[in-house]
Amino acid sequence: MKEEILNRCGNSTDIIIRTINLKNNVIDCIYSETLSSSSAITNYVLKPISELIIENKNIASTTIINLIKNLLTGSSINELKSIDEAIKNIFLGYTIIIINNKNILSIETKASLDRGINSSSIEVSITGPKDSFTENFNTNLGLIRKRIRNNNLFVKSITLGNESHTKIGICYINGIAEKSLIKKVMEKIIKINNDIIIDGGYITEELSKSTFLPQVNQTERPDLASFALLEGKVCIIVDNSPTVLIIPTFFIDFFHTPDDYYQKNINTTFTRILRFLAFLIAIFLPGYYISVTSFNPTAIPTNLLLNLIEQHTIVPFPAFFEILIMIIAFEILRESDIRIPNKVGSSVSILGGLILGDAAVSAGIISPIMIIVVAISSISALVFSYNSIVNLIRYYRYLILILGMLLGIYGLFIGFGILVINIASTTSFGFPYTYPFVPFIKTDILDSFIKVKSRQNKRNPLLTKNRNR
Amino acid sequence: MNKEKYTSLEIGILIFFLLNSFTSTITIQLFKNTNTISVILTILLAFVLGLIFMKIIVKLFSDDYLKNLSNIKILNNIIKILLLIGSLGISIYVLLNLSLIIKNVLLTNMSIQVIQLTFLILSTLLAIKGIKSITIAANIMFIVYFIFLIINFSFNLLNVNPINLLPINTSIENVNFFQVFLLTVAPVFMILIIPKKEIIDFNDCKKKSYIFFVLFYIYMIIKILFIISILGDKYYSIVAYPEIEVLKIINIFNFFERLEEILIINIFIENLIVLSLALNYSKEIIKANFNIDNKIYILIDIIVFFSVIKLDIITNFYFYIILTIFIIANILTYKKNKS
Amino acid sequence: MKKIYLIILIIFLTGCTNYNDISNIAVVSSIGISVNGNNYNVYVKVLSSNQENEENIYIKTCTTIDECFNNLSTELMKRLYLTHMDLLILSNNLVKDNYNQIFNFFLNEKSSRGSFTTIIVEHIDNKILETNTTDIKNMLSLSLSTNGITTDITLTDIIKDILNYKISYVPFIKTQNTINVKGYKTIYDENKILTNEESLAINIIKNNIKTFQITIDKNVYKLEQCYTINKVHNDNIEINFYCKYYGNNKSDKNNIENYLTKIITSFTQNNKNNYFEYLLYKYGRNNNIKYNVNINIDYKPNIGGEIFE
């Protein structure tokens, strides 16, 4: 039997077999060196069996299985029927005990391969809780359960991925989340037929194929996930993924920060308006600059116009290519800054930001105002930590830049029209993306771009409306 | 919450945009060479007449508006053709007027066909997404529209000179209330494309429709008198676009001047919503007869675009006939509901 | 995907031909127009972006204003851009027909906005053109708050005035030795240079004045928070002028009242009264004009002091 197991695992070196000979019985312990904890094996498996050896009794082969079952101190012990099951258990970190080549027992000896709970690195909060999700499914679920100690927090788990067998958990609060939403999410997730699912991003991509706007939100903060659950949303925990997916997501959600609920309303309102302004600046500023310099210089003050003309005449490129060069240079800088190890990071920013920018201006290749425009626009985009909205901003920035180059301010209007059309025609799992503006929900407008008063309960009236009826 | 359901506020805002579709382009031209009393009288008469027709519109709402237009089969096809003429006529004139304004204010050196084509394609993009998307877009844009409207009014308040609104006891002249009525109410008939069953609370919707109808006429009176009081009736008559002339005066804190190029976005928004709705309406009518999907937009766009090229005047007699035909054709569909 | 098609389509359609870089425009800051026989002399001051040569003044002579601008544009090899224009200088010798041409030019020129200050000078020379436009604007607003004789009036205002009552009051500036304001000049139906008193009177009548000071017998009186209400009754126009006088002597009040009444009555008797006809028309009256001038000065004791002889 053990030879068969070894063969099917390709005689991998990390599969260890320890054979113990009792007087008339043979016990084989099989485990994966990498997935199991050796101390757990020593304590829960080998120590109890070694007691049998010390006693040195004759034990009938029929009774030995019950004896060993009673002796083992592990928390979960199962009796397995087939070799297939045994192999599956080995790779889950269990230790398999084969007694006399006949009976198979499995005992849990998982080793912890995860990092501990660290503080969140992307969605940083000043005053709020610091913990973040890890790559472990159970830890992640535990972090949510820690916040919602309620028997109504239901978790349905599915295994997805034909090759990777990734565990996926769909969490919702029974009694708050709408049944049709849960049904819809389940249907869509079951349909996913990928071979491998390594991260939550795979599922996000499958769920929001149709439009460019992000329909699924990802968070690494357990507190935000719990908030979402209490609102009536559904959370999806993917094993080995440090982010939890939140469904459905509205446009307004991208303007909310983790800190919003931990500080005074007036401060929250200020930061939210600031973020919305940053969103508009990030998208429209380069396009507006282009349209001003090439079609409609009317709206800028006279002195500024003269300043622009003076700066513009020295530069050998047309304004459009100038701004394109700068934006692409900045994108490269940003990308290299993300990928580069921390120790070299500061030198990149010095080289790219200070030296290149300054040298380009003094060499007369780029006008200083152009660097200001691109810098303001790019910094405004950095306000957003969600990668999907950063991509959205980037896409629209280029679109509006081209339209502004071709049609001036009228091109900006067209770009604005396309943005609104895109938002208006998007739905997130059947819910309008523009909540709470359309459909207009009076109570929730006070917690949208502004925050005047906190909601009495965290329930989202849109998501829970039909259920209450 | 189903995606396809409409709340009454959404319908109300859509009605506001439809009423507003020709205000800043054609209607405002009608009040040249007139006086305050005539303006008020014209709009009031148009309001009274419009109110009667609003009642008809509310009654005309049905679940299968386009599928079964009339009980008489021969009439059915005729009505369809008339409705198509009406909606295409509205799209053509919306496109023409907007492109003229954009050309005059923003792109003086650009050929007008480029402006028309880009705007037509943008409206088609919205129209393809369906009537619900148009409604949501109208609602989002209404927020922008409202903010810019507040800016326009508040920063122009200091320029108001009430003497321009005098004299009061003069002869009433140039009262073309029927034209105003046609220009405001006729496009509203396009709202009937929304099936009655998909409106969440129809009684509330009725109420909201009337509220927005009244609000619109108040808004129109205020707007026109506001412009006259700033420019004076004679200057109002000699400039091409009085509304833009008012925007030119705006001066925020002595620094933000010459803002008309940005504030003109309101006219852009008004026309975008109406044009995409008219295109969608035309498509639905054609679709009711032939089972063609979104590809029909290419045909509609070609018809609209080439008709616009042929036209060169802002408003003419035939346009009012088209609007009248559109209203009559719509009223003809009423018989079916009665029986 | 559709959006990409849209963009490609626009690129093919526009071909970037209308791309109009700002380095190819000449920003005009002020324009001067004078007439010489049948020809117009057009002076254009173009703002320069370079620090060394601050401004460039160009002069063209031709039969129509449009022609002058086209010639100048080709000479400069740049498009003349009038949106940022601040000042229009008209010469003293223009007549009604010239004004019609000028107004038509500015109403039809697409880059013009009509929101620039307009002045009349005796004859246009480099001195007035070289003066900074904001300085001239400041001078006009200062002269309103000190002497109360001129206002900063834009071309649109002038066109409105002419449309309404065929006369407009434009600031008149002398440039012989120094540049200084000399009250108003009436244009269009009547071409006349007004005196300081007449200019003050028209400003009072048209409710342009908020703060000003007057000199009577070498005494200077400061008046503040002034406003005018013109009332039209059946047979007369009532001009009510209200002001606050901060002074040391209550008897000065009558002095000021008498003086202001005198200048306003003399103005109404000696000048063409198109503005009042317009007012009467607006209030729907057709009677002969009679005037009733009420000056109400409110005395407030001054906190400062005064040396008595």
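Residues numbered from 1 in each chain as written. Chains lettered and ligands numbered in written order. Predicted model: local features only at pLDDT ≥ 70, side-chain atom pairs only at ≥ 80, totals over all residues.

Colleague: I'd like to hear about the overall build of chain B, residue by residue, with values.
Modeller: Within chain B one finds 15 helices and 0 strands. Looking at chain B as a whole, 49% of its 339 residues qualify as buried. Relative to all contacts within chain B whose residues are 6 or more apart in sequence, the contacts with residues 24 or more apart total 86%. (Helix = DSSP H or I, 4+ residues; strand = E, 2+ residues; numbered from the N terminus. Buried ≥ 20, exposed ≤ 12 C-beta atoms within 10 Å, placed from the backbone. Contact = placed C-beta atoms within 7 Å.)

Colleague: Talk me through the sheet that holds strand β2 (residues 26-32) of chain A; I want residue IDs and the actual numbers.
Modeller: All names here are of chain A. Strand order in this open sheet of 5 strands is β1-β2-β4-β5-β3, and the pairing throughout is antiparallel. In this open sheet, the two edge strands, each paired with only one partner strand, are β1 (15-21) and β3 (77-80). Put simply, the sheet's adjacent strands are angled 25° from each other on average, direction ignored. When strand β4 (residues 94-99) meets strand β5 (residues 103-108), the two strands line up antiparallel, connected through 6 bridges. Across the sheet, residue T95 finds its bridge partner in β5, namely I107. Sheet strands in contact with helix α3 (residues 64-71) are β3, β4 and β5, and its direction is about 155° off that of β4. (Pairing = 2+ DSSP bridges. Axes fitted to C-alpha atoms, helices over the stretch in contact; angles between N-to-C directions.)

Colleague: Kindly report on the sheet that holds strand β10 (residues 212-216) of chain C, identifying the contributing residues and their values.
Modeller: All names here are of chain C. Spatially, the 4 strands line up as an open sheet ordered β10-β11-β12-β13, and their pairing is mixed. The sheet terminates laterally at β10 and β13 (291-301), the two strands that pair on one side only. Averaged over all pairs of adjacent strands, the angle between their axes in this sheet comes to 35°, without regard to strand direction. Relative to strand β11 (residues 219-232), β10 is paired through 5 bridges, and the arrangement is antiparallel.

Colleague: Describe the interface of chain A and chain B, listing the residues and the values that go with them.
Modeller: Many descriptions give the size of an interface as the accessible area lost when the pieces come together. With 30 residues of chain A in contact, the opposing surface of chain B contributes 29 residues. Those elements giving two or more residues to the side of chain A that touches chain B turn out to be α15 (409-424), β12 (431-432) and α17 (461-468) of chain A. A breakdown of the residues in the side of chain A that touches chain B according to their chemical character gives 20 nonpolar, 9 polar and 1 charged. (Nonpolar A, V, L, I, M, F, W, Y, C, P; charged D, E, K, R; others polar.)

Colleague: Lay out the packing of helix α5 (residues 112-128) of chain B against helix α13 (residues 296-310) of chain B with the relevant residues and their values.
Modeller: All names here are of chain B. Where α5 meets α13, the axes come as close as 11 Å, and the angle between the chain directions of the two elements is 150°. One element, α5, and the other, α13, form an angle in the roughly antiparallel class. Here the hand of the crossing between α5 and α13 comes out right-handed. Facing α5, whose interface residues are Q113, Q116, L117, L120, T124, A127 and I128, α13 presents Y297, D301, V304, F305, V308 and I309. Of the residues belonging to the contact of α5 with α13, the class tally is 9 nonpolar, 3 polar and 1 charged. (Parallel < 35°, antiparallel > 145°, perpendicular 65-115°, else oblique. Left-handed = near helix turned anticlockwise from the far one by under 90°.)

Colleague: Mind laying out unusual backbone geometry, listing which residues take part and the relevant values?
Modeller: Residue P436 of chain A is bonded to the preceding Y435 of chain A through a cis peptide linkage, with omega at 0°. Here P436 of chain A lies in the loop between β12 and α16 (442-445). Note that the residue after V438 of chain A, namely P439 of chain A, is joined by a cis bond; omega there is -5°. For P439 of chain A, the location among the structural elements is in the loop between β12 and α16. Here M77 of chain C, not a glycine, exhibits a phi torsion of approximately 60°, which is positive. If you trace the backbone, M77 of chain C turns up in the loop between α2 (65-76) and β4 (79-81). The phi dihedral of K166 of chain C falls on the positive side, at around 65°, and the residue is not glycine. Positionally, K166 of chain C belongs in the loop between α6 (155-165) and β7 (167-174).

Colleague: Explain the interface of chain C and chain B to me, using residue names and the numbers behind them.
Modeller: Across the contact, 19 residues belong to chain C and 21 residues belong to chain B. Among the elements that line the side of chain C that touches chain B, the one with the most residues is helix α1 (residues 2-14) of chain C, at 5 residues. Class assignment of the residues belonging to the side of chain C that touches chain B gives a composition of 7 nonpolar, 7 polar and 5 charged.

Colleague: Talk me through the nonpolar core; I want residue IDs and the actual numbers.
Modeller: Grouped together as the largest cluster of nonpolar side chains are 283 residues, with contacts concentrated most on C235 of chain A together with A137 of chain B. The element that contributes the greatest number of residues to this core is helix α4 (residues 73-105) of chain B, accounting for 14 residues. Core analysis: the next-biggest nonpolar cluster, separate from the first, contains 18 residues, L22, C29, I41 and I68 of chain A among them. (Core = buried A, V, L, I, M, F, W, Y, C linked by C-beta atoms within 7 Å.)

None of the figures reported here should be taken as evidence of function without further support.
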